[in-house]
Amino acid sequence: MNATARHSGGWTPWLYLAPALVVLGGLLVYPIYQLGLISFLEYTQAQVSGGEPTTFKGLGNYATLFGDPQFWQVLLATVVFAAACVLATLSLGCALAVLLTRIRAVPRLALMMAALGAWATPAITGSTVWVFLFDPDFGPVNRLLGLGDHSWTYGRYSAFALVLLEVVWCSFPFVMVTVYAGIRAIPAEVLEAASLDGASQWRIWRSVMAPMLRPILVVVTIQSVIWDFKIFTQIYVMTNGGGIAGQNLVLNVYAYQKAFASSQYSLGSAIGVVMLLILLSVTLVYLRLLRRQGEEL
């Protein structure tokens, strides 16, 4: 009787999760299936309009994609840009999370409200505001810095730097709030003991806080990698579709151009599949490394 009860009880969590799994299956599994299917077909505007039949190309779209030098340039730019965004977001978010534990209630509330306001701002709105702030003719930043009509989006690296600032601005609140909640859960006696032993603030963070916050840092890191690797709106709005001659293209914008600007829907789908596999690989490798270290997630 007890064994039967235990066996039936093992299915109880799955019964509670069943509605959510059904919804996720409809929202994720089917679109991913369609994405993968189209990536193996000859699917352009001619097939969409019914002028030509849809044909199976197998790995032909992937061969075309991997044989295109621009794809590798865009992939490298995406990886470097996403890594810079993740490092900057984590650094600023963690630093401000520690700051929140050091200031009084009123300034802490003001900082939290300002950060949450940035976080709640839609990406297209924030991008438009940042473009105005750095506009060469009407933007206040150039006037304050005395740069005249300098265009931040003309150069490749200055345009990427401008987009990075906007991405960090709208992303760091998630890291700040999450890490701050984790710090508040650390026993005060542990931090007081480290302080009494003469440890500096950096030493306390590196040797005490960071190890205890590792599961939380894993979550915010993975989330940041996923968000920053698939950035679209900020690049598209702030660089006018990828910059001059595509110098600021990232994979998501590159896939959009292939799929909708060039009507090569199969190539755009192939890029989407490659992005999905890259993100899954990064996530699985990161989680596996942490499990080897004995971390509970």
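Attention in this report is confined to the structure presented alongside it. Small disclaimer: the values here were computed from a predicted structure and weren't measured.

1. Description of the environment of A115
For A115, the location among the structural elements is in helix α6 (residues 105–120). Overall, the relative accessible area of 3% leaves A115 in the buried class. Expressed as a C-alpha distance, the spacing of A115 and V177, which sit 62 residues apart in the sequence, is 8.9 Å. Those residues in contact with A115 that sit more than four places away from it in its chain are F172, P173 and M176.

2. Structural notes on the packing of helix α5 (residues 69–100) against helix α12 (residues 214–229)
One way to put it is that α5 packs onto α12 with a least axis distance of 9 Å and a crossing angle of 140°. It follows from the interaxial angle that α5 and α12 lie oblique. Between α5 and α12 lies a crossing whose hand is right-handed. Counting all contacts with α5, which are made through L75, T78, V79, A82, C85, V86, T89, L90 and C94, the residues of α12 involved are L217, V220, T221, S224, V225, D228 and F229. In terms of residue class, the contact of α5 with α12 is built from eleven nonpolar, four polar and one charged.

3. Looking at the environment of Y180
Turning to its location among the elements, Y180 is positioned in helix α9 (residues 156–184). Classification of Y180 as buried rests on a relative accessible area of 14%. In contact with Y180, not counting residues within four places along its chain, are A97, L100, T101 and R108.

The rules behind the values
- Per-chain numbering applies: the sequence of each chain, read as written, is numbered from 1 onward.
- Local features in a predicted model are, by the rule used here, given only for residues with pLDDT of at least 70; side-chain atom pairs are given and counted only at 80 or more, and totals for whole chains, interfaces and linings are based on all residues.
- Hydrogens and water are ignored here; the side-chain numbers use all heavy atoms of the structure.
- Think of it this way: any DSSP run of H or I at least four residues long counts as a helix, any run of E at least two long counts as a strand, and we number them from the N terminus.
- For the exposure calls, accessible area comes from a 1.4 Å probe over protein chains only, and a residue counts as buried if that area is under 20% of its type's maximum, exposed if over 50%, partly exposed in between.
- Note on definitions: a residue-residue contact is assigned when non-hydrogen atoms from the two residues lie within 4.5 Å.
- Interaxial angles span 0 to 180 degrees and are taken between N-to-C directions of axes, which are lines fitted to C-alpha atoms, for helices over the stretch in contact.
- Each angle receives one of four descriptions, namely roughly parallel if under 35 degrees, roughly antiparallel if over 145, roughly perpendicular if within 65 to 115, and oblique otherwise.
- Left-handed describes a crossing in which the near helix is turned anticlockwise from the far one by less than a right angle; the clockwise case is right-handed.
- Here the term charged refers only to Asp, Glu, Lys and Arg, the term nonpolar to Ala, Val, Leu, Ile, Met, Phe, Trp, Tyr, Cys and Pro, and the term polar to all other amino acids, Gly among them.

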